[in-house]
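Analysis of the macromolecular model
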Amino acid sequence: MSIKTEFTQQFDVRYPIICAPMFLVSSVKMVVSASEAGGVGTFPALNYRPIERYRQTIKEIKSLTAKPFGINIIVQKSNKYQYKQIEHALEEKVPLIITSLGNPKEVIRLSHEVGTRVYCDVVGFEQAKKVADLGADGLIAVGFGAGGHAGDISPLALIPNLVRMVKLPIIAAGSIVDGAGMAAAFALGASAVYMGTRFIASKEAEIAEEYKKAITRAVSEDIVNTDRVDGFPGNFIRTKELEAVGLEKGLIEEILTKNKKIKRFISLSRAARSLFGDMDSKVSYKTVYSAGHGVGLIDTVLSIQEIMEKTVREYKETKAKLP
Ligand SMILES: Cc1cc2nc3c(=O)[nH]c(=O)nc-3n(C[C@H](O)[C@H](O)[C@H](O)COP(=O)(O)O)c2cc1C
C-alpha cells in the first residue's frame, strides 16, 4: 500500500506522513522508526547539544536508515548555533531541512547547492509568499490547533489559500491524528500531513509515561494557548504544572506588555531561556506538555509503524465512505 503525491515523489517515500519535529520529544529512535515505516522522520536540531553531539546524531541516523529524514532549524538571530547546524546538515547531505522563524534565504541557497530540499514553516500568507519567492521547495502550513507554536488561521482556510497562491507542495499541520484528518487535508489540496501530537503517544517516544497518559486522557478543551512557557503563544495540556506557570498576566506585566517593544523583549527573553537554556530548567517542555487540539481523538499508545499504517488504512476507508 502506498499513496502517491508530489511530496512522496520528491522524497521517494511510501506515505505522505511526516513525523513532525518536536522540541525535547523527537529522538533518533522516532526519526528512524518513522522513516523506516514509510514516512519521513524529523527532529529539531536543538534537541542535540552541544554541536558535536548533533553531528554525531546525524551520522547515527544515517547508519540506522538509508531512508530520507529531516532536520528542523530555527533560522532566527536568537539561534546562535544555526550556522553550524546548517553546515553539518549540508555536509552530511541531509535530504530535508525545515526552517522555523527568521529568514531562510541563505539556508535555501546553500541547501540547493548540495541537493538538500528546504521546507519552510508558515502561519500566514505574506510569509508564505516571501519564502516561496526565496525558492523554498515546500511549505509547512501550521494551522490553528497545532501542537507547539500553532498559527492563528484555521487549516480549512490556510491550506486551500496557500494551494492557490504558490505552486509548491503544501504540508498540512495541526490536529491531524488519523486517516480522516489526512483525507480532509488532501481534500484541501495538501501533499502530505505533518503529525506531531499523535506520535507523542507512540511506543518509541522516549518521554515520561505521564506525558503519554496526558495525551491519551486529554480532550480538546484541555488545550490551553499561552505564551507563559516560552514567550511565544503555544498549545499545552492543562495540568497542575502548567497552572503553576501562572496563566494569568499580573497587573504590572499587563501594563508593560501594552508597549510593543517591552512585550517583544519579555517574549524573547522567555524564549531564549526556554530554547537555549538548560534543558532541565524548571519550566520546560519536559514539565509542561505541549499538544494540539487533536488529543481528544488519541486513546492508545501505538508503535510509529502502527500509527502510520492505521492512518493510511483509515484514509482509504474515509475516502471510500465520502458521500
Ligand atoms: C511537544 C512539541 C514540541 C514541538 N517543537 C517544535 C519545534 O521544536 N520546532 C517546530 O518547528 N515545531 C515544533 N512543534 C510543532 C510540530 O512540529 C508540528 O507543527 C505540530 O505538532 C503539528 O500539530 P499536531 O501536534 O496537532 O499534530 C512542536 C510540537 C509539539 C507538540
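Computed from a prediction, not measured in an experiment: that's the story for all the values here.

1. Re the overall build of the chain
Check the secondary structure of the chain and you find 14 helices and 10 strands. Expressed as a percentage of its 323 residues, the buried residues of the chain come to 55%. For the chain, the share of sequence-separated contacts (at least 6 apart) that also reach a separation of at least 24 residues comes to 62%. Surface exposure of the chain reaches about 15,000 Å², of which carbon and sulfur atoms provide 54%.

2. Remarks on the packing of helix 8 (residues 179–187) against helix 14 (residues 304–321)
Between helix 8 and helix 14, the least distance of the axes is 7 Å, while the angle of their chain directions is 60 degrees. On the basis of their axis angle, the class for helix 8 and helix 14 is oblique. The element helix 8 and its partner helix 14 pack so that their crossing is right-handed. Only T311, E314, Y315 and T318 of helix 14 make contact with helix 8, whose side of the interface consists of G179, A180, M182, A183 and F186. Here the residues of the contact of helix 8 with helix 14 sort into five nonpolar, three polar and one charged.

3. Some remarks on the site of the ligand
Close to the ligand lie 24 residues; P21, F23, N72, S175 and T197 are nearest. The side chain of S100 places a nitrogen or oxygen atom 3.1 Å from an oxygen atom of the ligand. One nitrogen or oxygen atom from the side chain of T197 is found 2.5 Å from an oxygen atom belonging to the ligand. Protein chains bury 93% of the 600 Å² of accessible surface belonging to the ligand in isolation. Listing elements by their share of the shell around the ligand, those giving two or more residues are strand 8 (192–195) and helix 9 (197–200).

4. A few points about empty space enclosed by the protein
All told, the structure shown has three cavities of 30 Å³ or more when counted by the stated rule. Elements with a minimum of two residues in the lining of the largest cavity: strand 4 (96–100), strand 5 (117–122) and helix 6 (125–133). Split by residue class, the lining of the largest cavity holds four nonpolar, four polar and one charged.

5. Considerations on the side chain of D137
Turning to its location among the elements, D137 is positioned in the loop between helix 6 and strand 6 (138–142). Buried D137, no salt bridge; nearest opposite-charge side chain is R117, N-O distance 4.6 Å. D137 has contacts with Q10, H112, T116, R117, V118, Y119, L168 and P169, leaving out every residue within four places of it along the chain.

6. Here we look at the nonpolar core
The nonpolar side chains of soluble globular proteins are, as a tendency, buried together. The biggest cluster of nonpolar side chains holds 55 residues, and the ones touching the most others in it are I17, L139, F199 and I215. Counting residues per element, this core draws most heavily on helix 14, which supplies five residues. Both domains that furnish three or more residues to this core are identified here as domain 1 (6–207 + 299–321) and domain 2 (209–276). Those residues in contact with F199 that lie beyond four places of it in its chain are I17, I18, C19, M22, M30, A205, I304, I307 and M308. Membership of the second largest hydrophobic core comes to 20 residues, among which are F43, I51, A89 and L90.

Calculation notes
- Residues numbered from 1 in each chain as written.
- Predicted model: local features only at pLDDT ≥ 70, side-chain atom pairs only at ≥ 80, totals over all residues.
- Heavy atoms only, no water.
- Helix = DSSP H or I, 4+ residues; strand = E, 2+ residues; numbered from the N terminus.
- Buried < 20%, exposed > 50% of the residue type's maximum accessible area, 1.4 Å probe, protein only.
- Contact = heavy atoms within 4.5 Å.
- Areas by Shrake-Rupley, 256 points an atom, 1.4 Å probe, with all protein chains shown as cover.
- Axes fitted to C-alpha atoms, helices over the stretch in contact; angles between N-to-C directions.
- Parallel < 35°, antiparallel > 145°, perpendicular 65-115°, else oblique.
- Left-handed = near helix turned anticlockwise from the far one by under 90°.
- Nonpolar A, V, L, I, M, F, W, Y, C, P; charged D, E, K, R; others polar.
- Near = heavy atom within 4 Å.
- Polar contact = N/O pair within 3.5 Å; in protein donor to acceptor, adjacent residues only side chain to side chain.
- 1 Å grid on protein atoms, 1.4 Å probe; cavity = no way out; pocket = protein on both sides within 12 Å on 5 of 7 lines; lining within 4 Å.
- Points joined across faces, edges and corners; volume = space filled by probe spheres on them.
- Lys, Arg positive; Asp, Glu negative; His and termini not counted.
- Salt bridge = Lys/Arg side-chain N within 4 Å of Asp/Glu carboxyl O.
- Core = buried A, V, L, I, M, F, W, Y, C linked by side-chain atoms within 4.5 Å.
- Domains from an automatic or database assignment.

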